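Here's the letter readout for the chains.
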Amino acid sequence: MHIQTTFLLTLATTALAIPTTPNPPASQIFTPKRTCGGLQYAQLRNAPAQALPFPFSISSTDAAPLEIGFAIPSGAVGPCSLMLSLPAAAQVQGGAQIDVIDLDGPAQGAVVGTTQFVSGEATTINSFACREQMCYSLGISGGGQGSVQFMEGAGQGVGVVMTYDC
């Protein structure tokens with residue numbers, strides 16, 4: 001009887017010494033957390049380079065579409081996502097849609113996205129394989145009427161931007 005009691009006491013003491021914290025899920029052990037590492041603001045191609053923030057405008061009365069470009073680091077991991085994020089203070093007039101046309105990629109000359117500028121909203125226009133130079137033209141779609149004006153880079157991620165390393 002004494003041996004059984006000693007054995008049970010030893011077993012109970014050992015059981016209390018075992019840590020009771022659960023193991024983390026496998027996803028926390030094997031999958032590192034990734035965050036978006038890159039953000040490039042659009043630079044105007046048919047105008048002199050400007051420091052951020054700078055005025056950005058598209059209008060149905062423009063003589064030619066607005067051309068923008070992005071310089072993506074050579075080691076960027078894709079996809080590269082063309083995004084539009086406008087502050088609530090953006091001056092948007094009319095409901096015209098904007099066509100985004102690829103100027104230098106595999107779909108050169110093709111419409112690669114259509115979006116509508118809406119104050120206070122963000123949207124992904126399209127995602128692409130990353131290239132060191134990515135250029136697009138933006139113009140009012142199909143003869144519509146309207147305009148948009150805002151300050152590109154007036155806040156973190158405000159404007160037409162390209163994200164990568166996400």
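Residues numbered from 1 in each chain as written. Predicted model: local features only at pLDDT ≥ 70, side-chain atom pairs only at ≥ 80, totals over all residues. Heavy atoms only, no water.

- The name given to the protein chain in an unreviewed UniProt entry is Ubiquitin 3 binding protein But2 C-terminal domain-containing protein, with the source organism recorded as Cercophora newfieldiana.

1. Description of the sheet that holds strand β11 (residues 147-152)
Within a sheet, neighbouring strands are paired by backbone hydrogen bonds and run either parallel or antiparallel to one another.
Right, on to step 1. The antiparallel open sheet is built from three strands, whose spatial order is β3-β11-β6. In this open sheet, the two edge strands, each paired with only one partner strand, are β3 (54-59) and β6 (91-93). Each strand axis lies, on average, 15° off the axis of its neighbour in the sheet, ignoring direction.
Right, on to step 2. For β6 and β11, the ladder comprises three bridges, and the chain directions are antiparallel. Its bridge partner lying in β11, Gln91 is registered against Gln149. (Pairing = 2+ DSSP bridges. Helix = DSSP H or I, 4+ residues; strand = E, 2+ residues; numbered from the N terminus. Axes fitted to C-alpha atoms, helices over the stretch in contact; angles between N-to-C directions.)

2. Notes on the packing of aromatic side chains
Right, on to step 1. Evaluation of the coordinates by the stated rule reveals four aromatic pairs.
Right, on to step 2. Aromatic side chains Phe56 and Phe150 sit 4.8 Å apart centroid to centroid with 25° between the ring planes, which places their arrangement in the stacked category. Of this pair, Phe56 sits in strand β3 while Phe150 sits in strand β11, and the two are 94 residues apart along the sequence. With respect to burial, Phe56 and Phe150 carry one shared label: buried. (Phe/Tyr/Trp six-rings, centres within 6.5 Å; stacked < 30°, edge-to-face > 60°. Buried < 20%, exposed > 50% of the residue type's maximum accessible area, 1.4 Å probe, protein only.)

3. Structural notes on the sheet that holds strand β4 (residues 66-71)
Right, on to step 1. The antiparallel open sheet is built from five strands, whose spatial order is β2-β4-β10-β7-β8. Only two strands of the sheet have a single partner each, and these edge strands are β2 (43-44) and β8 (111-116).
Right, on to step 2. Alignment of strand β7 (residues 97-102) against strand β10 (residues 133-140), held across five bridges, turns out to be antiparallel. Along β10, the bridge assignment pairs Asp99 with Gly139.

4. What to know about the environment of Asp165
Right, on to step 1. Residue position: Asp165 is located in the segment after β12 (159-164).
Right, on to step 2. Considering only alpha carbons, one finds Asp165 and Leu39, 126 residues apart in sequence, at a separation of 8.9 Å.
Right, on to step 3. A distance of 2.5 Å separates a polar side-chain atom of Asp165 from the backbone nitrogen of Val77. (Polar contact = N/O pair within 3.5 Å; in protein donor to acceptor, adjacent residues only side chain to side chain.)

5. Observations concerning the pairing of β11
Right, on to step 1. As paired elements, β3 and β11 share six bridges and run antiparallel to each other. In the sheet register, Phe56 faces β11, and the bridge partner there is Phe150.

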